Amino acid sequence: MTEPFKLEKESYLSIIPWENENSTLTVGFSTKNGGFSQGYFSSLNLGLHVNDSDEDVKKNKEALSTQLQWDTKDWVACEQIHSNNIVKVHAQHKGSGLFNYSSSIKGTDGIYTKKKNILLTLCYADCVPIYFWSEPDEMIGVAHAGWKGTVNEIGKKMIEAWLEEGIKVENIKVAIGPAISSCCYVVNDYVMDKVKQLIGDKPVDSIWSEIETGQYKLHLQRLNEALLLQVGIKKENIIVSSYCTSCNDDLFFSHRRDEGKTGRMLSFIGLKEEQ
Ligand SMILES: [Zn+2]
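Residues numbered from 1 in each chain as written. Predicted model: local features only at pLDDT ≥ 70, side-chain atom pairs only at ≥ 80, totals over all residues. Heavy atoms only, no water.

Visitor: Got a sec to walk through the overall build of the chain? Specific residues and values, please.
Guide: A tally of regular secondary structure across the chain gives six helices and 15 strands. Principal-axis analysis of the C-alpha atoms gives the chain an extent of 50 × 45 × 35 Å. Within the span of the chain, comprising 275 residues, buried residues form 55% of the whole. Counted over contacts in the chain with a minimum sequence separation of 6, partners at least 24 positions apart contribute 66%. Within the chain, the 37 negative side-chain charges are centred at a point lying 2 Å from the centre of the 30 positive side-chain charges. (Helix = DSSP H or I, 4+ residues; strand = E, 2+ residues; numbered from the N terminus. Buried < 20%, exposed > 50% of the residue type's maximum accessible area, 1.4 Å probe, protein only. Contact = heavy atoms within 4.5 Å. Lys, Arg positive; Asp, Glu negative; His and termini not counted. Charge placed at Lys NZ, Arg CZ, Asp CG, Glu CD.)

Take a look at the structure:
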């Protein structure tokens, strides 16, 4: 597969196959470049909760907003807690968590909406961004899946919420974005026991392998793909980025690589009203 996430400008990658299908769709993932933050957060940190200067984060959000041509007043952000909580976003959520963390949608790692002119955003530094789209229903969503969200099946919870909205599973497309890959992500039995409960205890090369006793390489993106296939998403409707956030130091912040002192990238997805 050719890489679906393409560097459009220095500050973000777009999911090209989706944007090519629908000209009113804006969807992608920010890089760490082209912003105002200093030090560990240099330079396009988009997280308000990491002890960066709020003023710099505000300038960073405004700079990205100009590039994406999405007014910041239409953005929505969350207080993310590595949960599997999903919230349906309405027009009154616009501006939540934009420049003031305490106004974020509380305790939420997955958001979706059918409303136009809302840009759904979530923050990452290695965790997996999962994007959801049903074109016929004009429904969009995004989730934040670290190992906790992944083993607590946040992807499945999003699909279940959409099925309750009357959406057909065969219409749902999923894109799995840049995240720490198995090349750089080692976990212990505590995490692997939970993974094995979901996909069985036989090693699956593309998802996990034991590198020494009790130490495992885990491919969180592929694990999320496997879990979404289990709930009926069609294989041909899933695209997966090959970018590893830890390997690509020139493009991404990485919580593991940078030993916790780092900024946050932003996933974003929004549909505009046709002009
Ligand atoms: Zn890597």
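Visitor: If you had to explain the packing of helix α5 (residues 189-199) against helix α6 (residues 220-230) to someone new, which residues and values would you point to?
Guide: Look at α5 against α6: their axes get within 11 Å of each other, and the N-to-C directions meet at 30 degrees. With respect to their mutual orientation, α5 and α6 come out roughly parallel. The two elements α5 and α6 cross, and the hand of that crossing is left-handed. In contact with Val-195, Leu-198 and Ile-199 of α5, α6 contributes Leu-223, Leu-227 and Gln-230. (Axes fitted to C-alpha atoms, helices over the stretch in contact; angles between N-to-C directions. Parallel < 35°, antiparallel > 145°, perpendicular 65-115°, else oblique. Left-handed = near helix turned anticlockwise from the far one by under 90°.)

Visitor: Requested: an account of the coordination of the zinc ion, with residues and values cited.
Guide: Each protein donor to the zinc ion is listed here as Cys-183 (SG), Cys-184 (SG), Cys-244 (SG) and Cys-247 (SG); together their distances run 2.3 Å. Geometry at the zinc ion is tetrahedral, judged from the four donor atoms that bind it and their angles of 102 to 116 degrees at the metal. Along the chain, the residues donating to the zinc ion are arranged with the sequence spacing C-C-x59-C-x2-C. One end of the pair, Cys-183, is in the loop between β10 (172-176) and β11 (186-187); the other, Cys-247, is in the loop between β14 (238-240) and β15 (265-271), with 64 residues separating them in the sequence. (Donors = N, O, S within 2.8 Å, 3.2 Å for Na, K, Ca; no water. Tetrahedral: all angles 85-135°; square planar, octahedral: opposite > 155°, others 65-115°.)

Visitor: How would you summarise the pattern of salt bridges if you had to cite specific residues and measurements?
Guide: For the structure on display, the rule yields 11 salt bridges. Notably, a salt bridge pairs Lys-6 with Glu-8, separated by 3.8 Å at the nearest N-O pair. Between Arg-257 and Asp-249 there is a salt bridge whose closest N-O contact spans 3.2 Å. The class of Arg-257 is partly exposed, set by a relative accessible area of 24%. Sharing partners across several salt bridges, the network here consists of Lys-32, Asp-249, Arg-257 and Asp-258. (Salt bridge = Lys/Arg side-chain N within 4 Å of Asp/Glu carboxyl O.)

Visitor: Pulling in residues and values, what's your account of the sheet that holds strand β3 (residues 25-30)?
Guide: A sheet is described by the order of its strands in space; here six strands give the open sequence β1-β2-β3-β15-β7-β4, paired in mixed fashion. Every interior strand has two partners, whereas the edge strands, β1 (5-9) and β4 (75-76), have only one. Where strand β2 (residues 12-15) and β3 come together, three bridges link them in antiparallel fashion. Residue Tyr-12 lies in a different strand from β3, and its bridge partner there is Ser-30. (Pairing = 2+ DSSP bridges.)

Visitor: Which residues make up the sheet that holds β10, and what values do they have?
Guide: Within the open sheet, the six strands sit side by side as β5-β6-β9-β8-β10-β14. Their pairing is mixed. One side of each edge strand has no neighbouring strand; the edge strands of this open sheet are β5 (86-88) and β14. Averaged over all adjacent pairs, the angle separating strand axes in this sheet is 15 degrees, with direction ignored. Where β10 lies against β14, three bridges are found, and the strand directions are parallel. Residue pairing across strands places Ile-176 opposite Val-240, the latter belonging to β14. Those strands touched by helix α4 (residues 154-164) are β5, β6 (110-113), β8 (128-134), β9 (139-145) and β10, and its axis lies near 160 degrees from that of β9.

Visitor: How would you explain empty space enclosed by the protein if you had to name every residue and give the values?
Guide: The final tally for this structure, using the stated rule, is one cavity of 30 Å³ or more. The calculated volume of the largest cavity comes to roughly 100 Å³. In this structure, the largest cavity is lined by 15 residues; those nearest its centre are Lys-61, Ala-77, Cys-78, Tyr-101 and Cys-123. For the lining of the largest cavity, the per-class residue count stands at eight nonpolar, six polar and one charged. (1 Å grid on protein atoms, 1.4 Å probe; cavity = no way out; pocket = protein on both sides within 12 Å on 5 of 7 lines; lining within 4 Å. Points joined across faces, edges and corners; volume = space filled by probe spheres on them. Nonpolar A, V, L, I, M, F, W, Y, C, P; charged D, E, K, R; others polar.)

Visitor: Give a description of the environment of Tyr-124 that names residues and reports values.
Guide: Within the fold, Tyr-124 resides in strand β7 (residues 119-124). With relative accessibility at 1%, the residue Tyr-124 sits in the buried group. As a C-alpha pair, Tyr-124 and Leu-228 span 104 residues in sequence and 20 Å in three-dimensional space. What Tyr-124 contacts, discounting residues up to four positions off in sequence, is Phe-29, Pro-129, Ile-130, Val-142, Ala-143, His-144, Gly-263, Arg-264, Met-265 and Ser-267. A polar side-chain atom of Tyr-124 sits 3.1 Å from a polar atom in the side chain of Ser-267. (Polar contact = N/O pair within 3.5 Å; in protein donor to acceptor, adjacent residues only side chain to side chain.)

Visitor: Lay out the packing of aromatic side chains with the relevant residues and their values.
Guide: On inspection of all chains with the given rule, the structure shows 11 aromatic pairs. With a centroid separation of 5.4 Å and an interplanar angle of 50 degrees, the aromatic rings of Trp-18 and Trp-133 are classed as tilted. Here Trp-18 is found in helix α1 (residues 16-21), whereas its partner Trp-133 is found in strand β8, with 115 residues between them in sequence. Under the relative-accessibility criterion, Trp-133 is labelled buried at 1%. Among the aromatic side chains, those forming a connected cluster through ring pairs are Phe-29, Tyr-124, Tyr-243 and Phe-252. Above the face of the Tyr-190 ring, Lys-194 is positioned so that its terminal group lies 4.7 Å from the ring centre. (Phe/Tyr/Trp six-rings, centres within 6.5 Å; stacked < 30°, edge-to-face > 60°. Lys NZ or Arg CZ within 6 Å of the ring centre and 35° of its normal.)

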